[in-house]
Amino acid sequence: MGFFDGLLGGRAADFDSGSASSNAIELTKRHHTVSLTKQDAATGHLRVNLAWRMRTSDFDGARRTSLLRHPFKALRPPEVLGHGQSMVNVDLDLGCLYELMDGTKGVVQPLGGYLGDVNAPPYIKLSGDDRFGSASGETMYVNLDHRDAIKRLLVFVYIYDQTPAFDRTHAIVTLYPSNGPRIEISLDERHPQARSCAVVMVENVKDELIVRREVKFVYGFQGELDRLYGWGLQWGRGYKTKAER
């Protein structure tokens, strides 16, 4: 494997509401914040999920050309596009930079095995590393019963050791609070060479937990996200162990 970086006030109305059937809030450039506190969702476990799939539009042109040469292919059922690895060699990882009220800073991520702890500092736990883009994706838990100890959390997504492919995949990060609608942030901007993306900030502002959409793509790794947001950690090269399918 190649090397990668490793570790050595919103208002309630400021969001786009989803339909009643979807029961979701979509954070956008225009409406980019929501208050968990004002939604009575600042307790319990906040579940953060990353899922991705291949962009179907990337194949439309090739399919039209193929049908002109082989018209009988029109009689075949369309291919079902699976998640991630089945269509593109990409390994998206979910991570979180954290800063606690006592000044403690660090990262939770698959690389280096920094999986965290949900019942002790940093009160964040990554459930595992999905190497191949399964339907369930990757999931992280934040224990908001310890919200008084949390200053800010930056949830990010990065591509490990593969060709940058944010422009070929559609990724979505979804926050599932203990109460109220889920919160969705889509990574639908085209940044072909980007390797990392700061997705969403959860910040304790005067005892109110604010969720703010970021969606800032960078061309480096975690160290560049650190510099962008002023975390001040020391970074070095990291590796993953080889995964078996």
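Note that this is a predicted model, so its numbers are computed, not measured. Sequence order sets the numbering: in each chain, residues are counted from 1 along the sequence as written. Local features are withheld for residues below a pLDDT of 70 in this predicted model, meaning they are given only at 70 or higher, and side-chain atom pairs are given and counted only at 80 or more; totals for whole chains, interfaces and linings count all residues. Hydrogens and waters are ignored; side-chain quantities use all the structure's heavy atoms.

Trainee: Explanation requested: the overall build of the chain in the structure shown.
Mentor: The helix and strand labels rest on DSSP assignments: H or I over at least four residues marks a helix, E over at least two residues marks a strand, and numbering proceeds from the N terminus. Counting secondary structure elements, the chain contains two helices and 16 strands. We call a residue buried when its accessible area falls under 20% of the maximum for its residue type, exposed when it is over 50%, and partly exposed in between, using a 1.4 Å probe and counting protein chains only. Across the 245 residues of the chain, 50% fall into the buried class. What sets the accessible areas is the Shrake-Rupley method with a 1.4 Å probe; for residues, cover comes only from the shown protein chains. Accessible surface for the chain amounts to roughly 12200 Å². Of this, 49% is attributable to carbon and sulfur atoms.

Trainee: How should the packing of aromatic side chains be read in this particular structure?
Mentor: The description of an aromatic ring pair rests on the distance of the ring centres and on the angle between the ring planes. Here the aromatic set is Phe, Tyr and Trp, taking the six-membered ring for Trp, and pairing holds for ring centres within 6.5 Å; pairs whose planes are under 30 degrees apart are stacked, those over 60 apart are edge-to-face, and all others are tilted. This model, assessed by the stated rule, comprises one aromatic pair. Placement of a positive charge over a ring is assigned whenever Lys NZ or Arg CZ falls within 6 Å of the ring centre and within 35 degrees of the normal to the ring plane. Between R47 and the ring centre of Y176, over which it is positioned, the NZ or CZ distance is 4.0 Å. Of note, R152 hangs over the ring of W231, and the distance from its end group to the ring centre comes to 3.7 Å.

Trainee: Teacher, can you tell me more about the sheet that holds strand β15 (residues 208–218) here?
Mentor: In sheet architecture, strand pairing relies on hydrogen bonds along the backbone and comes in two forms, parallel and antiparallel. Here six strands make up an open sheet; going across it, the order is β4-β15-β14-β11-β6-β7 and the pairing antiparallel. Both outer strands of the open sheet, β4 (33–35) and β7 (105–108), are each paired with one neighbouring strand and no more. Within the sheet, the average angular offset between the axes of one strand and its neighbour, ignoring direction, is 20 degrees. Two strands pair under a simple rule: DSSP has to find at least two bridges between them. Here four bridges tie strand β6 (residues 92–100) to β7, and the two strands are oriented antiparallel to one another. The residue bridging Y98 from the neighbouring strand is G106, located in β7. Only C-alpha atoms enter the line fits that serve as axes; for helices the fit covers just the stretch in contact. Angles between N-to-C directions range over 0 to 180 degrees.

Trainee: Help me out: how do you make sense of the confidence of the model for the chain in this one?
Mentor: Low pLDDT means the predicted coordinates in that region are not meant to be read closely. Put simply, the chain has an average pLDDT of 77, and 66% of its residues get 70 or more. For every residue, the pLDDT score states the predictor's confidence, bounded by 0 at the bottom and 100 at the top. We call two residues contacting when some pair of their heavy atoms lies within 4.5 Å. Note on residues 58–68: pLDDT is under 50 here. Beyond four places in sequence and across chains, it has eleven contacts. Here residues 240–245 is modelled with pLDDT under 50, and outside its nearest four sequence neighbours on either side it reaches 15 contacts, counting other chains as well.

Trainee: What is the right way to read helix α2 (residues 222–229) from this model?
Mentor: Along an α-helix, residues three or four apart share an orientation, since each turn contains 3.6 residues. Taken together, the buried positions of α2 are Q222, G223, L225, D226 and Y229. Burial along α2 is one-sided: seen end-on, the buried residues are contained in an arc of 160 degrees. G230 sits one or two positions beyond α2 and adopts a positive phi of about 65 degrees. It is the directions from the helix axis to the C-beta atoms that the arc portrays.

Trainee: Is there a simple way to explain the nonpolar core in this structure?
Mentor: Taken as a class, soluble globular proteins show a tendency for nonpolar side chains to be buried jointly. To define a nonpolar core, start from buried Ala, Val, Leu, Ile, Met, Phe, Trp, Tyr and Cys residues and group those joined through side-chain atoms within 4.5 Å. Judged by nonpolar contacts, the single largest core of 42 residues is most densely connected at L36, V157, F166, L175, I183, L187 and V211. With near-sequence residues (within four places) excluded, L36 lies in contact with A41, A42, L46, L144, P177, I183, L209 and V211. Among the nonpolar cores identified, the runner-up in size contains 15 residues, and L97, L111, L154 and F156 belong to it.

Trainee: I keep staring at the environment of F217 and nothing clicks. Help me out?
Mentor: Of note, F217 is situated in strand β15. Considering only alpha carbons, one finds F217 and V199, 18 residues apart in sequence, at a separation of 8.5 Å.

Trainee: Could you clarify how one ought to interpret the pairing of strand β11 (residues 150–159) in this entry?
Mentor: Regular strands have side chains that alternate between both faces of the sheet. Of all ten residues in β11, nine are buried; the element is thus mostly enclosed. In this structure, β6 lies alongside β11, joined through nine bridges in antiparallel fashion. In the strand pairing of β11, L92 is matched with I159. In the sheet, β11 pairs with strand β14 (residues 196–205) via seven bridges, with the strands oriented antiparallel. Within β14, the residue paired with L154 across the bridge is M201.

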